[in-house]
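Close look at the chain arrangement
Residues per chain are reported as follows:
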Amino acid sequence: MSAYLDPEQKILKEQVDRWLAENVTPIINKHEKDCTFPFEILDELKNFGYLGGKIPEADGGFDLPYTTWGMLMESAGYCWGSLRTIVNITNGTIQKLSRFGTPDQKERFLKPMLQNKLKSCTGLSEPNVGSDVRGIECRAVKKGDHYVITGRKLWITNGINADICQVVARTYSDECDGELSTFIVEKGMPGYSAKRVEKLVLRPTGTSELEFDNVKVPVENRLGPEGKALSGTLAGLNTARVNIAMGAVGAAQSALDLSIEYAKTRSQFGKLIGEHQLVQKYIVDMTIRVKAARALSYTAAQALDRGEEAREDCSIAKLYATKAAFEVADMALQVHGGLGYAVGYPIERIFRDTKGGMIPEGTVEVQTLIAGREILGLNAIT
Ligand SMILES: Cc1cc2nc3c(=O)[nH]c(=O)nc-3n(C[C@H](O)[C@H](O)[C@H](O)COP(=O)(O)OP(=O)(O)OC[C@H]3O[C@@H](n4cnc5c(N)ncnc54)[C@H](O)[C@@H]3O)c2cc1C
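All values reported here derive from a predicted model rather than from experimental measurement.

A look at the overall build of the protein
- Within the protein, the secondary structure is distributed over 11 helices and 10 strands.
- Against the compact-globule benchmark of 21 Å for 382 residues, the protein has a radius of gyration of 21 Å, which places it among compact chains.
- The C-alpha extent of the protein, read off along each of the three principal axes, is 80 × 45 × 40 Å.
- Looking at the 382 residues of the protein, the share that counts as buried comes to 47%.
- Put simply, of all contacts in the protein between residues at least 6 apart along the chain, 72% involve residues at least 24 apart.

Structure, rendered in structure tokens:
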């Protein structure tokens, strides 16, 4: 149990972990095999704060501190990387709607999202645009009472399942000359389509390529002011990094727990493998990484709770925790021998999914450069 939580948070964590172990863990293999996500589990998980945890109560949320929210992410990551991912991506839209949405948008989109009646995705990355979001090519051209959106988005989590997509596009109107704006595109709007992209990691999360072929989007679906999406998007990425870091801590803890159990039950050469010194070294190296990753992640969450921007802390937490989780999963696979490769046994999935934390919301390399910029005051990114 984490030393970073108060008694109330610890009780919530125990309840969440128990619910996840009883209701989600048993169905993971089926959904991994089918590449599907059981959205109905969010009907219950929303009551713990998994939908709207970070938005004000006035908007129907829980107004949780980042430490509690991070703890929920750690528990989700411990259970299943795809769950942590879907929750993260869903709450990205929820938070944007709460912060920038009009009363009409909150009624039409936010309210049903909080009730788990509407699924969303976020379209930022494109075939030619990844780390450098300033280079977005997707265009929105204003024509009277609507915008016409044209372009493609790639690697979009939940794209094939989403009822709405918050898409960031370069905007052209009388008042706006190519700055970025966010729009809510709704499933069924002519010209909007999503197709699944197969990939190594987080297979049930519905990763997609989106196409916008002259999609007519009414002005009332613009989310936030015209041409001002960049700062909101970058700020959102900063805090989302802590979510990924916390999820990585959970996944690493899960790989460590399985390894400790295995080292204490599997025997070779007439003794438990945990009695072999080299296996003990793996366990100790894994434990150090888990503890260090957790310390950095909660340090970042606590800084956000104090109202700090905490860019250095968020980037360091994300880059260290995601790398450490993959290293821990790698060692866990080694401790398990051939069993570690078996599809259906959790280590194989954790090994793949921990790799999935090192790229999205800013790669490990980009986090290094953000932290370097904060520490040195010198920019090496561009
Ligand atoms: C599991 C998963 C889910 C995702 N979900 C979404 C989603 O829901 N919505 C969305 O919009 N996107 C999503 N993405 C896309 C993700 O945000 C991008 O993959 C990420 O931003 C990196 O972009 P890229 O893949 O184009 O790599 P690139 O930006 O092309 O980078 C390639 C390599 O170059 C390095 N590099 C780039 N710039 C620099 C630099 N300045 N200095 C040093 N090294 C650099 C990178 O670190 C990387 O190693 C997802 C990706 C994954 C893997």
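Once you've had a look at it, read on.
Overview of the domain arrangement of the protein
- Split by domain assignment, the protein resolves into domain 1 (7-114), domain 2 (120-227) and domain 3 (230-376).
- The C-alpha-based centres of domain 1 and domain 2 are spaced at 23 Å.
- Across the contact, 20 residues belong to domain 1 and 17 residues belong to domain 2.

Considering the pairing of strand S3 (residues 146-156)
- Where strand S2 (residues 139-143) and S3 come together, 5 bridges link them in antiparallel fashion. Bridge pairing in S3 links Lys142 to Tyr147.
- The antiparallel hairpin formed by S2 and S3 contains 2 residues in its connecting segment, where Gly144 sits at a positive phi of about 65°.
- Relative to strand S7 (residues 208-218), S3 runs antiparallel, the two being bridged by 8 bridges. When the bridges of S7 are listed, Ile156 appears paired with Ser208.

Comments concerning the site of the ligand
- Around the ligand there are 21 residues in total, and Leu124, Gly130, Ser131, Thr363 and Glu365 lie nearest to it.
- Those elements that place two or more of their residues in the shell around the ligand are strand S1 (120-123), S3 and helix H11 (364-376).
- Counted by class, the shell around the ligand contains 12 nonpolar, 8 polar and 1 charged residues.
- Looking at which domains feed residues into the shell around the ligand, each of domain 2 (120-227) and domain 3 (230-376) gives three or more.

As for the nonpolar core
- Ranked by size, the top nonpolar core spans 98 residues in total, and within it Ile149, Ala252 and Val328 carry the most contacts.
- Filtering out sequence-adjacent residues up to four positions away, Ala252 remains in contact with Arg289, Val290, Ala293, Ala324, Ala325 and Val328.

Some remarks on helix H1 (residues 7-23)
- Between its terminal C-alpha atoms H1 stretches 24 Å, which fits the 24 Å expected from 17 residues at 1.5 Å a residue.
- Every buried residue of H1 is listed here: Lys13, Val16 and Leu20. For H1, the angular spread of the buried residues around the axis is 70°, confining them to a single face. Away from the buried face of H1 by more than 90 degrees, exposed residues Pro7, Glu8, Ile11, Glu14, Gln15, Arg18 and Glu22 are located.
- Where the residues of H1 are buried, they touch helix H4 (66-79).

Considerations on the environment of Arg18
- Mapped onto the elements of the fold, Arg18 is located in helix H1.
- With 57 residues separating them along the chain, Arg18 and Ser75 place their C-alpha atoms 9.9 Å apart.

Details of the environment of Glu198
- Mapped onto the secondary structure, Glu198 falls in the loop between strand S6 (192-196) and S7.
- For the pair Glu198 and Val242, spaced 44 residues apart in sequence, the C-alpha separation works out to 26 Å.

A short note on unusual backbone geometry
- Its identity as a non-glycine residue notwithstanding, Cys35 has a phi of 55°, on the positive side.
- Checked against the element boundaries, Cys35 lands in the loop between helix H2 (28-34) and helix H3 (41-45).
- Given 17 C-beta atoms within a 10 Å radius, Cys35 is considered partly exposed.
- One non-glycine residue, Asn158, adopts positive backbone phi at about 70°.
- Topologically, Asn158 is positioned in the loop between S3 and strand S4 (164-172).
- Here Asn158 falls in the buried class, since 23 other C-beta atoms lie within 10 Å of it.

As for the packing of helix H7 (residues 229-263) against helix H10 (residues 346-355)
- Closest axis-to-axis distance for the H7/H10 pair is 10 Å, and the angle between their directions is 150°. With respect to each other, H7 and H10 are oriented roughly antiparallel. The interaxial crossing formed by H7 with H10 has left-handed handedness. For the pair formed by H7 and H10, the contact residues are Ala248, Ala251, Ser254, Ala255 and Leu258 on the first element and Pro346, Ile347, Ile350, Asp353 and Thr354 on the second.
- Residue classes in the contact of H7 with H10 are distributed as 7 nonpolar, 2 polar and 1 charged.

Considering the environment of Thr25
- Examined against the element boundaries, Thr25 turns out to sit in the loop between H1 and H2.
- Residue Thr25 is classed as partly exposed on the basis of its 13 C-beta neighbours within 10 Å.
- Taking the C-alpha atoms as reference points, Thr25 and Pro346, separated by 321 residues in sequence, lie 9.8 Å from one another.
- Beyond its immediate stretch of four places on either side in the chain, Thr25 contacts Leu20 and Cys79.

Cut-offs and rules
- Residues numbered from 1 in each chain as written.
- Predicted model: local features only at pLDDT ≥ 70, side-chain atom pairs only at ≥ 80, totals over all residues.
- Helix = DSSP H or I, 4+ residues; strand = E, 2+ residues; numbered from the N terminus.
- Rg over C-alpha atoms; globule rule 2.2 N^0.38 Å.
- Buried ≥ 20, exposed ≤ 12 C-beta atoms within 10 Å, placed from the backbone.
- Contact = placed C-beta atoms within 7 Å.
- Domains from an automatic or database assignment.
- Pairing = 2+ DSSP bridges.
- Near = placed C-beta within 6 Å.
- Nonpolar A, V, L, I, M, F, W, Y, C, P; charged D, E, K, R; others polar.
- Core = buried A, V, L, I, M, F, W, Y, C linked by C-beta atoms within 7 Å.
- Expected span 1.5 Å × (residues − 1).
- Arc of directions from axis to C-beta.
- Axes fitted to C-alpha atoms, helices over the stretch in contact; angles between N-to-C directions.
- Parallel < 35°, antiparallel > 145°, perpendicular 65-115°, else oblique.
- Left-handed = near helix turned anticlockwise from the far one by under 90°.

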